[in-house]
Amino acid sequence: MDIAELIQITLLSIQVSGVAVVLSSIIGVWLGAYIATSEFKLKKLTITLINTLMGTPPVLLGLILYLLLSRSGPLGFLGVLFTPAAMIIAQFLLTLPIVTGLAISAVESLPRELREYIKSLALPAHYEVLLLINEARTGIISGVLAAFSRAVSEVGAVIIVGGNIRYYTRVLTTAIVYYTNSGEFDTVLWLGLVLTLVYFAINAVVLLLRYRMGERSD
């Protein structure tokens, strides 16, 4: 593997995981905060279901998506199987329960007095949710980071729906699988190092954001 291919694989990994997590965060953070602040009959069952989906086996999800997106499947007309779009869909579905569940926990962990005070303001529901998201931002950021870590390190679903096609759908994790099977362990070590550096960079950004948010709150 040359440097150009390594860069292409790394950028595709970040792009696919980044888009998937951005989409799941847009929906999951709002949904989680809304569930945490609402009272309805099936609330406990809903939270239990979300927590269960957080542990969805990637291979199972990949297989289901493959059946749905294949030519003979109900969504075959989309023509996205073995493309980066299919990989984004897989990672979106994997990370949505994670972001939602951790957003619920972050909002519910806020002091009861604060939540009651915000509720006493009698604001429209969406304003109340936005205030709670702002107050729970540290926990929510941690949730988004956990979701990104799950996405960028995922291999089962993306290799099934992406096909691990060189220069097109091959990402860091699927490349590691390929070169391990090929016995090219030097390449595997370099890929692992790059994946570790990606983790480090994301954690550094999150720590910086937390620090700046802490300064603002002071």
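Residues numbered from 1 in each chain as written. Predicted model: local features only at pLDDT ≥ 70, side-chain atom pairs only at ≥ 80, totals over all residues. Heavy atoms only, no water.

Side note on the packing of helix α1 (residues 3-37) against helix α6 (residues 125-135)
Any two packed helices are characterised by the angle at which their axes cross and by the distance between the axes. Quick reminder of the rule: Interaxial angle, 0 to 180 degrees, is taken between N-to-C directions of lines fitted to C-alpha atoms, where a helix line uses only the stretch in contact. Helix and strand assignments follow DSSP, with helices taken as H or I runs no shorter than four residues and strands as E runs no shorter than two, numbered in order from the N terminus. When describing relative orientation, an angle under 35 degrees is termed roughly parallel and one over 145 degrees roughly antiparallel, while 65 to 115 degrees is termed roughly perpendicular and anything else oblique. Here, residues are in contact when the closest pair of their heavy atoms is within 4.5 Å. Amino acid classes used here: Ala, Val, Leu, Ile, Met, Phe, Trp, Tyr, Cys and Pro are nonpolar; Asp, Glu, Lys and Arg are charged; the rest, including Gly, are polar.
Closest axis-to-axis distance for the α1/α6 pair is 9 Å, and the angle between their directions is 105°. Between α1 and α6, the angle falls in the class roughly perpendicular. Contact residues: α1 offers V29, W30, A33, Y34 and T37, while α6 offers H126, E128, V129, L130, L132 and I133. Each residue belonging to the contact of α1 with α6 can be placed in one class, and the counts come to 8 nonpolar, 2 polar and 1 charged.

Here's the deal with the environment of V158
Our working rule: The classification of residues rests on relative accessible area computed with a 1.4 Å probe and restricted to protein chains. Under 20% of the type maximum is buried, over 50% is exposed, and intermediate values are partly exposed.
Relative to the helices and strands, V158 resides in helix α8 (residues 156-162). V158 sits in the buried class, given a relative accessible area of 0%. Here the alpha-carbon distance between V158 and I88, two residues 70 residues apart in the chain, equals 8.3 Å. Residue contacts for V158: discarding those within four places in its chain leaves M87, Q91, G163, T173 and T174.

Description of empty space enclosed by the protein
The gaps left among the atoms become clear once a water-sized probe is rolled over them. Rules: Method remark: on a 1 Å grid restricted to protein atoms, a set of points is classed as a cavity if a 1.4 Å probe fits but cannot get out and as a pocket if it is open with protein on both sides within 12 Å along at least five of seven lines; lining residues have an atom within 4 Å of a point. Grid points are joined across faces, edges and corners, and a volume is the space filled by probe spheres set on the points.
Tallied over the full model, the rule gives 1 cavity of 30 Å³ or more. Put simply, the largest cavity is a space of about 50 Å³. Elements that contribute at least two residues to the lining of the largest cavity include exactly α1, α4 (84-108) and α7 (137-152). At 3 residues, α1 tops the list of elements feeding residues into the lining of the largest cavity. Across the lining of the largest cavity, the residue classes tally to 6 nonpolar, 4 polar and 1 charged.

Re a nonpolar patch on the surface
Which entries qualify depends on this criterion: Each patch is built from residues lacking any salt bridge and having more than 30% relative accessible area; the joining distance is 9 Å for like charges and 5 Å for nonpolar side chains (Val, Leu, Ile, Met, Phe, Trp, Tyr). All accessible areas in this document rest on Shrake-Rupley with a 1.4 Å probe, and a residue is counted as covered only by the protein chains that are shown. By convention in these notes, a salt bridge is any Lys or Arg side-chain nitrogen within 4 Å of a carboxyl oxygen on Asp or Glu.
Where nonpolar side chains cluster on the molecular surface, the patch consists of W30, Y34, Y117, L121, L123, Y127, L130 and L131 and spans about 760 Å² of accessible area. Secondary-structure elements contributing two or more residues to the nonpolar patch are α1 and α6. Inspection of the secondary structure puts Y127 in helix α6. The class for Y127 is partly exposed, based on a relative accessible area of 46%.

Section: the UniProt feature "transmembrane region" (unreviewed entry) in the protein
The condition that has to hold: UniProt positions are given in the numbering used here, feature names are shortened, and annotations may be inferred rather than shown by experiment.
In the numbering used here, UniProt assigns the "transmembrane region" (unreviewed entry) feature to residues 12-36, 48-69, 81-107 and 188-209. Helix makes up 89% of residues 81-107 and strand 0%, whereas the separation of the span's terminal C-alpha atoms amounts to 37 Å. This span, residues 188-209, is 100% helix and 0% strand, and a straight line between its end C-alpha atoms measures 32 Å.

Here we look at the UniProt feature "domain: ABC transmembrane type-1" (unreviewed entry) in the protein
Within the UniProt annotation, "domain: ABC transmembrane type-1" (unreviewed entry) is assigned to residues 10-206. Taken end to end, residues 10-206 is 77% helix and 0% strand, and its two terminal C-alpha atoms sit 20 Å from one another.

Re the environment of T10
Tracing the backbone shows T10 in helix α1. For T10, a relative accessible area of 12% translates into the label buried. Sequence separation between T10 and L195 is 185 residues, and the spatial gap between their C-alpha atoms is 8.0 Å.

With respect to the pattern of salt bridges
This model, assessed by the stated rule, comprises 3 salt bridges. When the shortest N-O distance is used, the salt bridge between E5 and R166 registers 2.8 Å. A residue pair is termed long-range when its members are at least 10 positions apart, and E5 in helix α1 and R166 in the loop between α8 and α9 (172-181) qualify at 161 residues. What makes R166 partly exposed here is its relative accessible area of 43%. Close ionic contact of E39 with K43 constitutes a salt bridge, the shortest N to O distance being 3.6 Å.

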